[in-house]
Number of protein chains: 2
Amino acid sequence: MRLTTKGRFAVTAMIDLALRQSEGPVTLAGISERQGISLSYLEQLFGKLRRHELVCSVRGPGGGYTLARATDLISVADVIIAVDEPLDATQCGGKEDCRDEGRCMTHDLWSNLNKRMFEYLASVSLASLVEQQRERLACKPHQEIVFREARDCVSVASFEAQA
Amino acid sequence: MRLTTKGRFAVTAMIDLALRQSEGPVTLAGISERQGISLSYLEQLFGKLRRHELVCSVRGPGGGYTLARATDLISVADVIIAVDEPLDATQCGGKEDCRDEGRCMTHDLWSNLNKRMFEYLASVSLASLVEQQRERLACKPHQEIVFREARDCVSVASFEAQA
DNA sequence: GCATACTTGACAAAAATGATCGGGTATTTC
DNA sequence: GAAATACCCGATCATTTTTGTCAAGTATGC
């Protein structure tokens, strides 16, 4: 599993979608404006999300995207896997036991790490994130949910290492 | 924390170094040949590792690199942090509580993930990896420790997602 | 000492990826 | 038909990853 900003964008967009789909399909243009992600990029991401059957699309006026499953059946891991396409075959995947010692010396380490991360991300559902988000909104009831300049924070180029 | 091939290369190289430093400084040329990582790239990585005081350099003939600390005092997290320099300031770092809800909607998620990954990687020392590696070598006692074509496996471009 | 070979160290170029921009087409609602 | 929307594609810019080139330092043989 790979952790980059791409997955972060995708998750952010999915949360936005989850928060609004009760009012019908959500347009990418809306997500783009609210979250400060370029429309083209969202199109690419949602193309992948759709092909992985995490979202459904509705064309025409009033159209947009909706989630394909309930929020508690979509995990963060699902989203990240969908947009990050992990170039399957090219590596000595979990199956082959990497004879030729030096090769894949770090195999066990990485597959353990992978596993841990995956387990963690798979344990976090969109539902729980949405709930978190709702709680925050509840604290500041009348603030409008339009934040154009969210970019500085959301679009940052890399994860931060922290102790 | 960011997970890319860069960190993977660095860890692989550090294990190679740990396995051989008993015979004196280890050259990057050697690591390059054995692990299939380009010399220039290793030079960059080891520049960072040196500046983070994880390795020491010895110039001139017979020179090379040695570890700056005992293998059980160097964690995988140390190595990855060293080569990945997390562009500190640009983001809304852990301190600021990201008011303006939509902004950093996923803040908690990512910082939790970060924390988990970091804890895991910090718990894995170079010593434990070396020991693992030694055990494997022990099973195939007479095989020469020269594996030119390790690239196919080690150089793959991304982590694999796996359940 | 001095040349020479071995090694790190630093800078620049190339390749790959991430992200944006602009155009177009298909589909649906009105 | 007109407008709103997804969908697709190629071009472009920025960033990151990877490789290439050249310099600087240092031990060794003479």
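Residues numbered from 1 in each chain as written. Chains lettered and ligands numbered in written order. Predicted model: local features only at pLDDT ≥ 70, side-chain atom pairs only at ≥ 80, totals over all residues. Heavy atoms only, no water.

Per an unreviewed UniProt entry, chain A is named Fe-S cluster assembly transcriptional regulator IscR, and its organism is Uliginosibacterium sediminicola.

Enquirer: Which parts of the structure should I look at to understand helix α3 (residues 39–51) of chain B?
Expert: Given 3.6 residues per helical turn, the α-helix brings residues three or four places apart onto the same face. Residues and elements named next belong to chain B. In this model, α3 (13 residues) spans 18 Å end to end at C-alpha, consistent with the 18 Å of a helix rising 1.5 Å per residue. Among the residues of α3, Leu42, Leu45, Phe46, Gly47, Lys48 and Leu49 are the ones counted as buried. Downstream of α3 by one or two residues, Glu53 has phi in the positive range, about 60 degrees. (Helix = DSSP H or I, 4+ residues; strand = E, 2+ residues; numbered from the N terminus. Expected span 1.5 Å × (residues − 1). Buried < 20%, exposed > 50% of the residue type's maximum accessible area, 1.4 Å probe, protein only.)

Enquirer: Help me out: how do you make sense of the protein's contact with DNA strand D in this one?
Expert: Neighbouring residues of DNA strand D: 27 residues in total, closest Ser57(A), Tyr65(A), Ser40(B), Tyr41(B) and Arg59(B). Of all atoms in DNA strand D that approach within 4 Å of the protein, 66% are sugar or phosphate atoms. Taking Thr5(B), its side chain carries an N or O atom lying 3.4 Å from a phosphate oxygen of DNA strand D. One of the side-chain nitrogen or oxygen atoms of Ser40(B) is found 2.4 Å away from a base nitrogen of DNA strand D. Elements that contribute at least two residues to the surface near DNA strand D include exactly α3 (39–51), β1 (55–58) and β2 (64–67) of chain A together with α1 (5–20) and α3 of chain B. For the surface near DNA strand D, the per-class residue count stands at eight nonpolar, 11 polar and eight charged. (Near = heavy atom within 4 Å. Polar contact = N/O pair within 3.5 Å; in protein donor to acceptor, adjacent residues only side chain to side chain. Nonpolar A, V, L, I, M, F, W, Y, C, P; charged D, E, K, R; others polar.)

Enquirer: In this structure, what is going on with unusual backbone geometry? I would like to understand it.
Expert: The bulk of non-glycine residues show a negative phi, and the bulk of peptide bonds are trans. You will see that Glu53(A), though not glycine, has its phi angle at about 60 degrees, which is positive. Residue classification places Glu53(A) among the exposed residues on the basis of a relative accessible area of 58%.

Enquirer: Is there a simple way to explain the nonpolar core in this structure?
Expert: As a rule of thumb, nonpolar side chains are buried together in soluble globular proteins. In this structure, Met14(A), Phe46(A), Met14(B) and Phe46(B) are the most contacted members of the largest nonpolar core, which totals 82 residues. Excluding anything up to four places from it in sequence, Met14(B) contacts Leu49(B), Leu54(B), Val55(B), Leu67(B), Ile74(B), Val79(B) and Leu126(B). (Core = buried A, V, L, I, M, F, W, Y, C linked by side-chain atoms within 4.5 Å. Contact = heavy atoms within 4.5 Å.)

Enquirer: How should the environment of Ala18(B) be read in this particular structure?
Expert: Residues and elements named next belong to chain B. Positionally, Ala18 belongs in helix α1. Residues Ala18 and Arg2, 16 residues apart in the sequence, show an inter-C-alpha distance of 24 Å. Not counting residues within four places of it along the chain, the set of residues in contact with Ala18 comprises Leu67, Thr71, Leu126 and Val130.

Enquirer: What am I meant to see in the packing of aromatic side chains here?
Expert: Residues and elements named next belong to chain A. The full count for this structure, using the stated rule, is four aromatic pairs over all chains. When the ring of Phe9 is compared with that of Tyr41, the centres are 5.8 Å apart and the planes differ by 85 degrees; the resulting orientation is edge-to-face. One end of the pair, Phe9, is in helix α1 (residues 5–20); the other, Tyr41, is in helix α3, and 32 residues separate them in sequence. In this structure Phe9 comes out as buried when scored by relative accessible area, which is 10%. Given the relative accessible area of 24%, Tyr41 is considered partly exposed. (Phe/Tyr/Trp six-rings, centres within 6.5 Å; stacked < 30°, edge-to-face > 60°.)

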